[in-house]
Amino acid sequence: MTLEEIRERVGGTVAVDVEGASAGSCYVGDLLSDIMGHAGEGCALVTIQNHLNTIAVCTLVGCEVIVLCHGRPVPPDMAAAAAREGVAVVVTPRSQYAAALALKELPPADK
Amino acid sequence: MPARDYAPVILEGRPKQDDEILATRPPPDAATLPGGGGSEVIMELLQRFKVRDVMNRQVACVARAAPLREAQRVMRENRVSGVPVAENGRLYGIVSVNDIINALDGGWIDDPCETRMATSLVVLEAGMPLAYALRYFNNYTYGRFPVLDADRRLVGVISQRDVMRALLLELTVEVRKLERKVSDRQLERPSDKYLHREYAVIRNDLSNAGKAANEIRQILKDKKVDRALARRVAVAAYELEINICIHSHGGVLTFILADDKIIVQAKDRGPGIADTEWACRDGTSTANDWIRSMGFGAGMGLSNSKRVSDAFEIQSEVGKFTRVICAFDRLVPREKIEKAGSAGT
């Protein structure tokens with residue numbers, strides 16, 4: 001699923017655009033170790049964690065798209081790190097559950 | 001003359017609280033402390049050292065009734081630009097060199113110090129980390145600050161020179177240690193393929209946590225280590241780095257890349273884990289709410305590290321240290337075994 005398709009489905013805006021970013025699965029989580037332990041490569045991460053360490057975790061698990069819920073803002077240091085590491089960020093006003101429902105075509109990324 | 005050559009004055013007694021004159025400012029917000037992008041070793045030292053470790057304890061003082069001429073004499077003999085007015089450990093004010101110049105000019109050099117001294121003072125607390133003291137030096141133009149203990153007694157004076165001297169001494173020790181290590185390693189391992197890195201990890205420094213793991217990830221990428229193996233190593237490094245940061249008093253993350261194996265070791269300076277078996281279970285965590293709000297403290301740090309490692313070891317002694325070693329086999333990585341297994345079925 002392309003970044004634009006994800007943005008459209010979750011009714012959000014692209015805060016950090018990365019050309020060619022896409023997702024083949026989806027994982028929902030707010031605890032970074034949980035994400036590292038269970039999310040797989042190439043997943044979209046649905047979360048409320050709007051800080052720098054979320055990008056670090058995405059680079060470790062190989063996630064290219066973050067869907068940030070409840071309209072949480074993307075801090076400048078997070079946006080800079082995301083752009084540098086090639087991780088796209090979409091901000092949606094929806095909850096994690098509602099965003100995940102909107103992405104139901106993606107299979108679970110659970111390891 | 002160095003500050004330590006002050007004439008010793010014994011300061012005793014507990015001050016009264018009813019007519020407090022000290023205008024202490026609140027310590028600066030921790031978020032504004034120096035260190036963003038600064039040396040981690042220096043930041044660690046600035047947090048570890050307290051004002052009391054660095055301050056000069058021998059303080060030349062004058063009494064309230066002493067004439068300004070006496071303060072002038074003390075300043076001249078000790079080559080300082082200000083002298084505390086204190087009695088029995090209680091600080092009443094400070095007479096500066098400007099007060100002396102004004103007194104000479106105005107003809108009141110024989111007046112008692114208490115009539116001309118500055119009474120609105122900025123003081124430091126003996127237990128403050130040195131990082132806070134440096135903020136005061138940055139925020140105010142004073143060259144030195146009086147230091148009070150928890151009972152508001154004057155226990156010393158700290159100058160920028162004292163801070164610099166302490167840091168230089170400690171850095172010299174650290175550099176010597178480093179030089180010895182580098183020299184030893186060069187003798188032991190002449191191979192270009194052997195790589196050793198150490199990263200200081202500071203307690204609660206979440207703005208820098210993850211940087212060591214990120215650098216390790218980059219090294220593995222540059223050295224073209226198998227992608228899946230590199231990911232496992234980076235996950236262990238990240239988890240262990242965060243663990244040192246949020247659960248310990250600080251420590252060191254060590255990364256070793258050899259031809260046949262990769263080692264990631266985390267060693268901290270306590271507080272130690274009483275039950276390491278319990279700590280390695282999924283979902284067990286002692287993280288506080290603040291840590292959890294940042295997305296940490298899922299209680300999976302050690303279990304994740306163990307899961308991604310080919311060999312895992314944890315040792316801990318309560319009150320002393322915790323050491324975790326994650327080892328990875330480069331010759332027969334688990335990805336190859338898994339691939340061979342699935343091809344055979």
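Predicted model only: the values in this text are computed from it and were never measured. (Residues numbered from 1 in each chain as written. Chains lettered and ligands numbered in written order. Predicted model: local features only at pLDDT ≥ 70, side-chain atom pairs only at ≥ 80, totals over all residues. Heavy atoms only, no water.)

Engineer: Tell me what's going on with the overall build of chain B, and back it up with residues and numbers.
Structural biologist: Counting its regular elements, chain B contains 13 helices and 10 strands. Relative to its 345 residues, chain B shows a buried fraction of 43%. Within chain B, residue pairs in contact and separated by at least 24 positions form 66% of the contacts whose partners lie at least 6 positions apart. When the accessible area of chain B is evaluated, it comes to approximately 18,200 Å², of which 50% is carbon and sulfur surface. (Helix = DSSP H or I, 4+ residues; strand = E, 2+ residues; numbered from the N terminus. Buried < 20%, exposed > 50% of the residue type's maximum accessible area, 1.4 Å probe, protein only. Contact = heavy atoms within 4.5 Å. Areas by Shrake-Rupley, 256 points an atom, 1.4 Å probe, with all protein chains shown as cover.)

Engineer: Report on the sheet that holds strand 4 (residues 65-68) of chain A, specifying residues and quantitative values.
Structural biologist: Residues and elements named next belong to chain A. Here we have 5 strands laid out as an open sheet, ordered 1-5-4-3-2, and mixed in their pairing. Looking at which strands have only one partner, the edges of the open sheet turn out to be strand 1 (13-16) and strand 2 (25-28). When strand polarity is set aside, the average angle formed by the axes of neighbouring strands in this sheet is 25 degrees. Relative to strand 4, strand 3 (residues 43-47) runs parallel, the two sharing 4 bridges. Paired with leucine 45 across the two strands is isoleucine 66, which belongs to strand 4. (Pairing = 2+ DSSP bridges. Axes fitted to C-alpha atoms, helices over the stretch in contact; angles between N-to-C directions.)

Engineer: Summarise the nonpolar core; cite the residues concerned and give the values.
Structural biologist: Residues and elements named next belong to chain B. Residues Leu253 and Phe255 are the most contacted members of the largest nonpolar core, which totals 82 residues. If you tally residues by element for this core, the top one is helix 9 (residues 227-247), at 13 residues. With near-sequence residues (within four places) excluded, phenylalanine 255 lies in contact with Leu195, His196, Arg197, Tyr199, Ile216, Ile219, Leu220, Val233, Ile262, Ile263 and Val264. Counting 25 residues, the second largest nonpolar core, distinct from the first, contains Met55, Tyr136, Val155 and Ile202. (Core = buried A, V, L, I, M, F, W, Y, C linked by side-chain atoms within 4.5 Å.)

Engineer: Break down the pattern of salt bridges for me, with residues and values.
Structural biologist: According to the stated counting rule, one finds 15 salt bridges over all chains in the structure shown. One salt bridge in this structure joins glutamate 41 of chain A and arginine 227 of chain B, with 2.4 Å as the shortest N-O distance. Linking glutamate 41 of chain A in the loop between helix 2 (32-38) and strand 3 with arginine 227 of chain B in helix 9, this pair reaches from one chain into another. Exposure remark for glutamate 41 of chain A: the relative accessible area of 47% places this residue in the partly exposed category. A salt bridge links arginine 232 of chain B to aspartate 310 of chain B; its shortest N-O distance comes to 3.2 Å. (Salt bridge = Lys/Arg side-chain N within 4 Å of Asp/Glu carboxyl O.)

Engineer: Outline the side chain of serine 159 of chain B, listing residues and values.
Structural biologist: Tracing the backbone shows serine 159 of chain B in strand 5 (residues 154-159). Discounting chain neighbours no more than four positions away, the residues touching serine 159 of chain B are Phe137, Gly143 and Arg144 of chain B.

Engineer: Could you give an account of the pairing of strand 2 (residues 90-96) of chain B, with specific residues and numbers?
Structural biologist: Residues and elements named next belong to chain B. Of all 7 residues in strand 2, 5 are buried; the element is thus mostly enclosed. Sheet topology note: the strand 1 (residues 82-87)/strand 2 ladder contains 6 bridges and is antiparallel. Within the sheet, the bridge partner assigned to glycine 82 lies in strand 2 and is serine 96. Following strand 1, the chain reverses through 2 residues before pairing antiparallel with strand 2; asparagine 88 in that reversal takes a positive phi of roughly 50 degrees.

Engineer: So what about the packing of aromatic side chains? Which residues, and what values?
Structural biologist: All names here are of chain B. Enumeration according to the criterion identifies 2 aromatic pairs over all chains in this entry. Judged by centre distance (6.0 Å) and plane angle (75 degrees), the rings of tyrosine 136 and phenylalanine 145 are edge-to-face. By way of ring pairs, the aromatic residues Tyr136, Phe137 and Phe145 are connected into one cluster. The residue whose ring lies beneath arginine 116 is tryptophan 108, and the NZ or CZ to ring-centre distance is 4.1 Å. Over the aromatic face of phenylalanine 321 sits the side chain of lysine 267, whose NZ or CZ is 5.3 Å from the ring centroid. (Phe/Tyr/Trp six-rings, centres within 6.5 Å; stacked < 30°, edge-to-face > 60°. Lys NZ or Arg CZ within 6 Å of the ring centre and 35° of its normal.)

Engineer: Talk me through the interface of chain B and chain A; I want residue IDs and the actual numbers.
Structural biologist: Contact with chain B, which involves 22 residues of that partner, is made by 20 residues of chain A. When the area that chain B buries against chain A is broken down by residue, the three leading residues are Arg217, Arg231 and Tyr238 of chain B, summing to 31%. Between chain B and chain A we count 3 salt bridges in total. Scanning the region where chain B abuts chain A turns up 7 residue pairs in polar contact (both at pLDDT 80 or more). (Buried area = accessible area lost by both parts, 1.4 Å probe. Polar contact = N/O pair within 3.5 Å; in protein donor to acceptor, adjacent residues only side chain to side chain.)

Engineer: Requested: an account of helix 3 (residues 68-78) of chain B, with residues and values cited.
Structural biologist: Every α-helix carries 3.6 residues per turn, so stepping three or four residues along brings you back to the same face. Residue and element names in this part refer to chain B. Within the sequence span of helix 3, burial applies to Leu68, Ala71, Val74, Met75 and Asn78. Projection of helix 3 onto a plane perpendicular to its axis shows the buried side chains occupying an angular sector of 115 degrees, all on one side. Where helix 3 ends, the next residue or the one after it, arginine 79, has phi of about 50 degrees, a positive value. (Arc of directions from axis to C-beta.)

Engineer: Break down the environment of cysteine 113 of chain B for me, citing the residues and quoting the values.
Structural biologist: All names here are of chain B. If you trace the backbone, cysteine 113 turns up in helix 5 (residues 113-116). With 44 residues separating them along the chain, cysteine 113 and arginine 69 place their C-alpha atoms 8.8 Å apart. Aside from chain neighbours lying at most four places away, what touches cysteine 113 is Val62, Ala63, Arg64, Ala66, Pro67, Leu68, Ala71, Val85 and Val95.

Engineer: Before we move on, could you go through unusual backbone geometry and cite the residues and values that matter?
Structural biologist: With the exception of glycine, most residues fall at negative phi, and the peptide bonds are largely trans. Residues and elements named next belong to chain B. With an omega of 20 degrees, the peptide bond between glycine 270 and proline 271 qualifies as cis. As for its placement among the helices and strands, proline 271 is situated in the loop between strand 8 (261-268) and helix 10 (276-279). At arginine 79, a residue that is not glycine, the phi angle is positive and equals roughly 50 degrees. Within the secondary structure layout, arginine 79 lies in the loop between helix 3 and strand 1.

Engineer: Can you tell me about the sheet that holds strand 4 (residues 144-148) of chain B, naming the residues and giving the values?
Structural biologist: Residues and elements named next belong to chain B. One open sheet holds the 3 strands; their spatial order is 3-4-5, and the pairing between them is mixed. Both outer strands of the open sheet, strand 3 (124-125) and strand 5, are each paired with one neighbouring strand and no more. One ladder, built from 2 bridges, connects strand 3 with strand 4; its direction is parallel. Considered in strand 4, the bridge of glutamate 125 is made with leucine 148.

Engineer: Can you break down the packing of helix 3 (residues 52-61) of chain A against helix 9 of chain B residue by residue, with the values?
Structural biologist: Two numbers describe how helix 3 of chain A lies on helix 9 of chain B: the axes approach to 9 Å, and their chain directions differ by 155 degrees. The pairing of helix 3 of chain A with helix 9 of chain B is recorded here as roughly antiparallel in orientation. Residues Asn53, Ala56, Val57, Leu60 and Val61 of chain A of helix 3 of chain A form the contact with helix 9 of chain B, whose own contacting residues are Arg231, Ala234, Val235, Tyr238 and Ile242 of chain B. Taken together, the residues of the contact of helix 3 of chain A with helix 9 of chain B sort by class into 8 nonpolar, 1 polar and 1 charged. (Parallel < 35°, antiparallel > 145°, perpendicular 65-115°, else oblique. Nonpolar A, V, L, I, M, F, W, Y, C, P; charged D, E, K, R; others polar.)

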